[in-house]
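# Geometric and topological summary
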Amino acid sequence: MSNQEKKLFIQTLGCQMNDTDSQHIIAELKEHKNYTTTDQMEDADLIIINTCSVREKPVQKLFSEIGQFNIKKKKDAKIGVCGCTASHLGQDIIKRAPYVDFVVGARNISKIKDVVDKKGSVEIDIDYDDSTYQFAQNSNSLYKTSVNISIGCDKECTYCIVPATRGDEISIPPEMIVEQVEKDVAKGAKEVTLLGQNVNSYGRRFSDGREKTNFTRLLQEVSKVEGLERIRFTSPHPLHMDDEFIEEFARNPKISKCIHMPLQSGSTKVLKAMKRGYTKEWFLNRAKKIRDLVPNVRITTDIIVAFPGESQEDFEDTIDVIKQVKFDQIFNFKYSPRPNTKALEFKDLEIEDEIGSARLTEVIELHKLHQSELMDSNVGKTVEVLFESLKPNGEIAGFTDNYCQVFVKGSDELLGKIVKVKITGASRTALKGEIVE
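The present account deals with the structure reproduced in this document. (Residues numbered from 1 in each chain as written. Predicted model: local features only at pLDDT ≥ 70, side-chain atom pairs only at ≥ 80, totals over all residues. Heavy atoms only, no water.)

This part takes up the nonpolar core. Most often, soluble globular proteins keep nonpolar side chains buried together rather than apart. The biggest cluster of nonpolar side chains holds 51 residues, and the ones touching the most others in it are L194, F215, V222, F233 and I259. Of all hydrophobic cores here, the second largest spans 19 residues; its members include I47, I94, A97 and V103. (Core = buried A, V, L, I, M, F, W, Y, C linked by side-chain atoms within 4.5 Å. Buried < 20%, exposed > 50% of the residue type's maximum accessible area, 1.4 Å probe, protein only.)

This is how it looks when you write it as structure tokens:
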């Protein structure tokens, strides 16, 4: 069956890095093993679930999911488990679910073509270095693309499992990143998202021992790619938002004016317990500098409430930061313990579930008020929108430079184009508009 075309079904959970890893898996298996993708799991010869460990109860969900796959799959179809949960469970996955054919951790994606035909193979080395591996390319034309700029993470945030599943941080050589962006632009991409667990610590360590660089210089190099219209990146770390970086963000016309600033907590005491490395005052200072330099900026964030030891006063600090910054989008979470994290030692300080839920609700409701105000302020403005998807109701959707979703009446001839749109209406999550002739 090696030369016969086979079908791959892949389910991706979690972050944008997982999405990119899944694209690498698809490309590698297409080029080296003659697989094509299918949306119908029952038709697949190979089923892969690319897992995430960040959310609560990923282990239970994983075994429930692969159990369903095993029941519904066609005879002789293989099942593989990849990603972060694969990294920390490893061989235990096959022990608990013997019908799983192979396990590949988040740091070992480049090995997929080698393990896919090896029953019982487990590759989960978090020290494995594929930072200079040249992944196969997908041939489909995309208006947007994403490129990994580093693997792993050197931070030791006490709530986070990522360093235990993706290993120490290694930067991908800048020339490889630029070459990848050039290839994607040649295939039709107008926008690239640069991905890393902590993008603005880029350039501190390379596999080949080359001289250090920094993220600001990488942004400058990527922005030289002809035909590239927009650069986005996620996620930066507030600690490393120095003036050079913020000024480049503000003045470089190719950089999308939307920035993710993961706050996590507004309390300096809690931030210290989280090992975030910055204070409430530092975060507010950086946010103010960005707002002052970029009036149309959209700032998004992550917030964890009810971290062990969080007092009511600590929580009020978080509310204070939300009121001062007025985030355009907040990804809210109530703290949940993760395996292989330092915060497991804080069990005696855990917050009662009811208190945590009440705090989460308060954050959500406050954010809704800010979100409505911020979105309504767009009505009447003329913005530039990169259109990327056609909707069944005769509308076409795209995003502004500062990453606000916009819907207009239009056809597929607008796909991949940047067009001026006058905003005529707003909801909390999207804008409506009319094309400016």
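For the rest of this paragraph, the subject is the packing of aromatic side chains. In total, this model carries 12 aromatic pairs according to the counting rule given. Taken together, the aromatic side chains of F215, F233, F245 and F249 make up a single cluster linked through ring pairs. When the ring centre of F63 is taken as origin, the NZ or CZ atom of R96, which lies over that ring, is 3.9 Å away. (Phe/Tyr/Trp six-rings, centres within 6.5 Å; stacked < 30°, edge-to-face > 60°. Lys NZ or Arg CZ within 6 Å of the ring centre and 35° of its normal.)

Now for the pairing of strand β4 (residues 78-83). Burial runs high along β4: 6 of the 6 residues are buried. Looking at chain direction, strand β3 (residues 46-51) and β4 are connected through 6 bridges and run parallel. What sits directly across from I47, in β4, is I79. In the sheet, β4 pairs with strand β5 (residues 102-105) via 4 bridges, with the strands oriented parallel. In the strand pairing of β5, C82 is matched with V104. (Helix = DSSP H or I, 4+ residues; strand = E, 2+ residues; numbered from the N terminus. Pairing = 2+ DSSP bridges.)

Space inside the second largest pocket adds up to approximately 480 Å³. N296, N378, V383, T400 and N402 are, among the 23 residues lining the second largest pocket, the residues nearest its centre. Those elements that provide at least two residues to the lining of the second largest pocket are α13 (353-376) and β15 (382-390). For the lining of the second largest pocket, the element with the highest residue contribution is β15, accounting for 3 residues. (1 Å grid on protein atoms, 1.4 Å probe; cavity = no way out; pocket = protein on both sides within 12 Å on 5 of 7 lines; lining within 4 Å. Points joined across faces, edges and corners; volume = space filled by probe spheres on them.)

This part is about the packing of helix α7 (residues 174-186) against helix α8 (residues 215-222). Where α7 contacts α8, the axes come no closer than 10 Å and their chain directions differ by 35 degrees. You can see that α7 and α8 cross each other, and the crossing is right-handed. In contact with P174, I177, V178 and V181 of α7, α8 contributes L218, E221 and V222. Taken together, the residues that form the contact of α7 with α8 break down as 6 nonpolar, no polar and 1 charged. (Axes fitted to C-alpha atoms, helices over the stretch in contact; angles between N-to-C directions. Left-handed = near helix turned anticlockwise from the far one by under 90°. Contact = heavy atoms within 4.5 Å. Nonpolar A, V, L, I, M, F, W, Y, C, P; charged D, E, K, R; others polar.)

What the rule picks out here adds up to 33 salt bridges. Between K144 and E388 there is a salt bridge whose closest N-O contact spans 3.3 Å. Placement of K144 in strand β7 (residues 144-148) and of E388 in strand β15 is noted, with a sequence separation of 244 residues between them. Owing to a relative accessible area of 24%, E388 belongs among the partly exposed residues under this scheme. Through salt bridges with shared partners, a single ionic network connects K144, E191, R230, R232 and E388. (Salt bridge = Lys/Arg side-chain N within 4 Å of Asp/Glu carboxyl O.)

With that out of the way, let us pick up the sheet that holds strand β11 (residues 230-234). Reading across from one edge, β7-β10-β11 is the order of the 3 strands in this open sheet, with parallel pairing throughout. Of all strands in the sheet, those bounded by a partner on one side alone are β7 and β11. For this sheet, the mean angle separating the axes of adjacent strands, direction not counted, is 25 degrees. With 5 bridges connecting them, strand β10 (residues 191-195) and β11 associate as parallel partners. The residue of β11 that forms the bridge with T193 is R232.

A word on the side chain of Q371. Mapped onto the secondary structure, Q371 falls in helix α13. In this view, Q371 contacts D328 and R428; residues no more than four positions away in its chain are not counted.

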